[in-house]
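Breakdown of the fold
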Amino acid sequence: MSIHPGTAAKRKAPENQAAASAAKVRRRSPTRVNPALYLFPLPAVAVVAFFLVMPTLQAFQYAITDWNGFSAAFNYVGLDNFVRAFTKDSLFTNALTNNLKFVLLVVIAQTIFSLILALLLTKNSRGSILLRALFFFPTILSSVSVAFIWKFIYDPNFGLANSVLRTVGVDGGAYLGNDAQALYWVAITQVWFHSGQMMVVYIAGLQAIPRELYEAAEMDGANKWQQFKSITWPFVAPATSIVVAYTTVQSFKAFDLILGIAGNPPKAALDILSTRIYSTFANSEFGYAAAQSIIFMAMIALVTWLQRRLLRLTPKGD
Amino acid sequence: MAILGALGFGATAAACAGPGGSTSPAGASGPAAPSTGAVTGKVSFAHWRGEDKAVFDELIKRFAAKHDGVEVAQDISTSNDYNAQALQKLRGGSIGDAFATFRGAQFKNFSEAGIYTDLKDSKAVGNYQKGLLSAGQSGNNQLGLPYQVVFPMPMANVDLFDKAGAEIAPKNWDAFLAMCEKLASAGVIPISWPGGDVGNGGQLFNCMIANNAPVDDMCAQIEQGKLKCTDDWFIRMLNQYKDLKPFVQPNATGTAVEPAQNLFSQGKAAMLATGSYHIAAVRGLGAKFPIDLVFPNTTSDGKGKYEGAYNATFILGVNSASKNQAAAAAWIDFLSEPENAGYYANQTAQHVSVDMVEYTNPDLKRLSPWLQKKTALAARFQFNNLDVRNAVEASATAVISGTSPEQAAAAAQKIVDERL
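These numbers were taken from a predicted model, which means no experiment stands behind them.

1. Points about the overall build of chain A
- Tallying secondary structure elements over chain A gives 14 helices and zero strands in all.
- Starting at the N terminus and walking to the C terminus, you meet the elements of chain A as α-α-α-α-α-α-α-α-α-α-α-α-α-α.
- Split into buried and exposed, the 318 residues of chain A put 44% on the buried side.
- For chain A, contacts bridging at least 24 residues in sequence account for 65% of all contacts bridging at least 6.
- A total accessible area of about 17,200 Å² is found for chain A, and carbon and sulfur atoms account for 68% of it.

Put into structure tokens, the structure is as follows:
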């Protein structure tokens, strides 16, 4: 804590020494910290270092090896694992494509659906409170339960979906067994699972809008769409940023839902990055799986950053 | 938050164990036999068969009655978790003094990791049928003892076959298809196939490939690039899968294993294309009819090399890192005695590879003649790379869902080529 000579000279200059001393005390006191206080964050720093920093650094280390996860023998292979993922592994690129498609589908559908739900259920009537609870209910279920419930719904022989359709003479098909459609059916499940949670975020945003604005708009003759465009949307825009960011991360990491609904390993049509990484670990390719994990991490970071850049949704006037 | 989440998932998953700290390969000497000594203390028995827990509990009681001061605790995981995590759990030796492995990739990984001790000179090994021990061998060492004998062949509802006048032992592929035709004409689904379940749906592959492939180690050769999925024999097999399409239940590629079992146990389907390991489950669902096995003989002239398929699995071993090897080895010896193996077999409806076992379970009795037939050791477990195995088996599923055999084969070969 050295003091700049110029500053020290200035501090000695005042004529009234007592006043100067008092000023000195006032100025220095905020920065005068007992060195022992620096010890207090140490446990937290140690925990973060042990559980986050160290594993991350280790993951980077493994990612440049061909370690199989248990053998004492391994080699450093540089960036080979990263190159392999993008140039020689169609299962990885397939999972990446599936994951991006899944994220896009879920983000669009979940954002729109949860906003519509929130708009319909904003009023604090008894009916809407009950409906809110109903739509929120899936959120409190475990993802494994959700996966098994929907696996049963989609079963082509005994499932609810086909049973209902058969009563009107329609065959709903194989659902998850149809490679071209499987991802869409899981996306529907994901939207059902999490829309209630996002609806709550939107409702919080909607309830913060002053009623007077709508009353004034109505007096000016604005129709519902104009009210939405000019009042509602600017106010809920920041909530949309949160919903989109959260849904993106959630959809990237839909590991338990996919594994529960599609089985382990999931077939190629339902393989996403997290399930692919899991399969690679299970296949005793630890080095390669670590490299895939790092790509996965970078992918989420990149998409989240891009969203923040592109979706700067703030209320008007901010 | 996103970055932290990804870090948490990726990094901690990758870092749950570290490389051994050396870049030199392990020594060339084989594993040592389990150490001897007093049979006391606690033994952890790691396996994945939760459905056998009560049976093992009874055997543990009988074992403890024989040896004062010994205690066996079962450490049971689900089969998927066991496949993915068992090796890491067992390395330290605190879990799994005695343990089981799947045949194939898992056994190979465990062997390479040096988890097994050599049971070549153990008391147990003499109790097994010699021909069934190969799945637990590595070089000159008998690392594990394959305990169960299962038949990964379609199970048949004999009553439905009788009603339809269908032949239960078709001699060639045309006869097999004619049998399916008769069953379909009788108003039942000929084959219930869990095409939506990668593991169980893949068992039919063992039958379909057995007499089609030019060599017995066909899957190992596919993985090594010596044989290809685009070879004529493989395409012929996929065309036979295509022949099966009218005879499996509608939307079979989306059917999980439980609904497939239900179709069979409710008498709506005449065959369940998984294997004898599902007998107990099917009985649990209320099936009362007599059950036999049917081999889809894919030959055109009936002169195939094999009459069926079997698998020797649940490979028992003693952990080289265990602190209580003497008691763990005694537990394996105990399980391998014909009387105890017989108890296990009859209670779980699983054949065992232990010799001189008396089968009293009616299903096992009925299926026992299959133990004497010329059956092929299940080929799908020759794959050591699970991505390759899944891709090759997925070609059959793709054909059932409507892809041409040539396209399906080319897609599978692409994955194989990438991993060569």
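2. Examining the packing of helix 12 (residues 255-262) of chain A against helix 13 (residues 273-282) of chain A
All names here are of chain A.
- Packing of helix 12 against helix 13 brings their axes to within 8 Å, and their N-to-C directions diverge by 75 degrees. Here helix 13 runs roughly perpendicular to helix 12, going by the angle between their axes. Across from Phe255, Ile258 and Leu259 in helix 12, the residues of helix 13 making contact are Ser274, Thr275 and Tyr278.
- Class assignment of the residues belonging to the contact of helix 12 with helix 13 gives a composition of four nonpolar, two polar and no charged.

3. Topic: the packing of aromatic side chains
Residue and element names in this part refer to chain B.
- The tally for this structure, following the rule as stated, stands at 33 aromatic pairs over all chains.
- Ring geometry for Trp173 versus Phe176: centroids 5.4 Å apart, planes at 15 degrees, classification stacked. Of this pair, Trp173 and Phe176 both sit in helix 6 (residues 173-185), three residues apart, which is roughly one turn of that helix.
- The exposure class assigned to Trp173 is buried, which follows from its relative accessible area of 6%.
- Residue Phe176 is classed as buried on the basis of its relative accessible area of 1%.
- Centroid distance Trp233 to Phe234: 5.5 Å. Interplanar angle 80 degrees. Geometry classified as edge-to-face. Per residue, the accessibility class of Trp233 equals that of Phe234, and both read buried.
- Of the aromatic side chains, those joined through ring pairs into one cluster are Phe45, Trp48, Phe56, Phe63, Tyr82, Phe102, Tyr147, Phe314, Trp331, Phe334 and Tyr344.
- The residue whose ring lies beneath Arg62 is Tyr343, and the NZ or CZ to ring-centre distance is 4.1 Å.

4. Points about the side chain of Gln190 of chain A
- Relative to the assigned elements, Gln190 of chain A resides in helix 9 (residues 182-207).
- If we ignore the near neighbours within four places in the chain, the residues touching Gln190 of chain A are Phe102, Val106, Gln110, Gln250, Ser251, Ala254 and Leu257 of chain A.

5. Considering helix 13 of chain A
All names here are of chain A.
- The element helix 13 is largely enclosed, with a buried count of nine among its ten residues.
- Within helix 13, the full set of buried residues consists of Leu273, Ser274, Thr275, Arg276, Ile277, Tyr278, Ser279, Thr280 and Phe281.
- One or two residues past the end of helix 13 sits Ser284, with phi positive at roughly 60 degrees.

6. Topic: the nonpolar core
All names here are of chain B.
- By size, the foremost hydrophobic cluster in this structure holds 80 residues, and its most contacted members are Phe45, Leu59, Leu145, Tyr147, Leu316, Trp331 and Val352.
- With eight residues, the top contributor of residues to this core is helix 13 (residues 325-335).
- Apart from the residues lying within four places of it in its own chain, the contact partners of Phe45 are Phe56, Val72, Ala73, Gln74, Asp75, Ala98, Phe99, Phe314, Leu316, Trp331 and Leu335.
- One finds Ala156, Trp233, Phe247 and Ala409 within the second-largest nonpolar core, a separate group that totals 50 residues.

7. A short note on the pattern of salt bridges
- Using the criterion set out here, one finds 22 salt bridges over all chains in the structure.
- Here Arg276 of chain A makes a salt bridge to Asp387 of chain B, at a shortest N to O gap of 3.0 Å. One end of the pair, Arg276 of chain A, is in helix 13; the other, Asp387 of chain B, is in helix 16 (residues 386-400), on a second chain.
- Classification of Asp387 of chain B as buried rests on a relative accessible area of 4%.
- Through salt bridges that share partners, Asp89, Asp271 and Arg276 of chain A together with Asp387, Lys414, Glu418 and Arg419 of chain B make up one connected network.

8. Overview of the confidence of the model for chain B
All names here are of chain B.
- The predicted model of chain B has a mean per-residue pLDDT of 90, with 93% of residues at 70 or higher.
- The low-confidence segment residues 1-28 (pLDDT under 50) makes 59 contacts with residues lying over four places distant or belonging to another chain.
- This complex was scored by the predictor with a pTM of 0.83 and an ipTM of 0.83.

9. Description of the sheet that holds strand 9 (residues 269-272) of chain B
Residues and elements named next belong to chain B.
- Pairing in this open sheet of four strands is mixed, and the strands run 8-9-7-10 from one edge to the other. One side of each edge strand has no neighbouring strand; the edge strands of this open sheet are strand 8 (189-192) and strand 10 (291-293). Neighbour-to-neighbour, the strand axes of this sheet turn through a mean angle of 30 degrees, independent of strand direction.
- Bridge count for strand 8 against strand 9 is three bridges, and the pairing is parallel. Paired with Ile191 across the strands is Met271, a residue of strand 9.
- Sheet strands in contact with helix 11 (residues 257-265) are strand 7 (155-157), strand 8, strand 9 and strand 10, and its direction is about 130 degrees off that of strand 9.

Parameters at a glance
Residues numbered from 1 in each chain as written. Chains lettered and ligands numbered in written order. Predicted model: local features only at pLDDT ≥ 70, side-chain atom pairs only at ≥ 80, totals over all residues. Heavy atoms only, no water. Helix = DSSP H or I, 4+ residues; strand = E, 2+ residues; numbered from the N terminus. Buried < 20%, exposed > 50% of the residue type's maximum accessible area, 1.4 Å probe, protein only. Contact = heavy atoms within 4.5 Å. Areas by Shrake-Rupley, 256 points an atom, 1.4 Å probe, with all protein chains shown as cover. Axes fitted to C-alpha atoms, helices over the stretch in contact; angles between N-to-C directions. Parallel < 35°, antiparallel > 145°, perpendicular 65-115°, else oblique. Nonpolar A, V, L, I, M, F, W, Y, C, P; charged D, E, K, R; others polar. Phe/Tyr/Trp six-rings, centres within 6.5 Å; stacked < 30°, edge-to-face > 60°. Lys NZ or Arg CZ within 6 Å of the ring centre and 35° of its normal. Core = buried A, V, L, I, M, F, W, Y, C linked by side-chain atoms within 4.5 Å. Salt bridge = Lys/Arg side-chain N within 4 Å of Asp/Glu carboxyl O. pLDDT = per-residue confidence, 0-100. Pairing = 2+ DSSP bridges.

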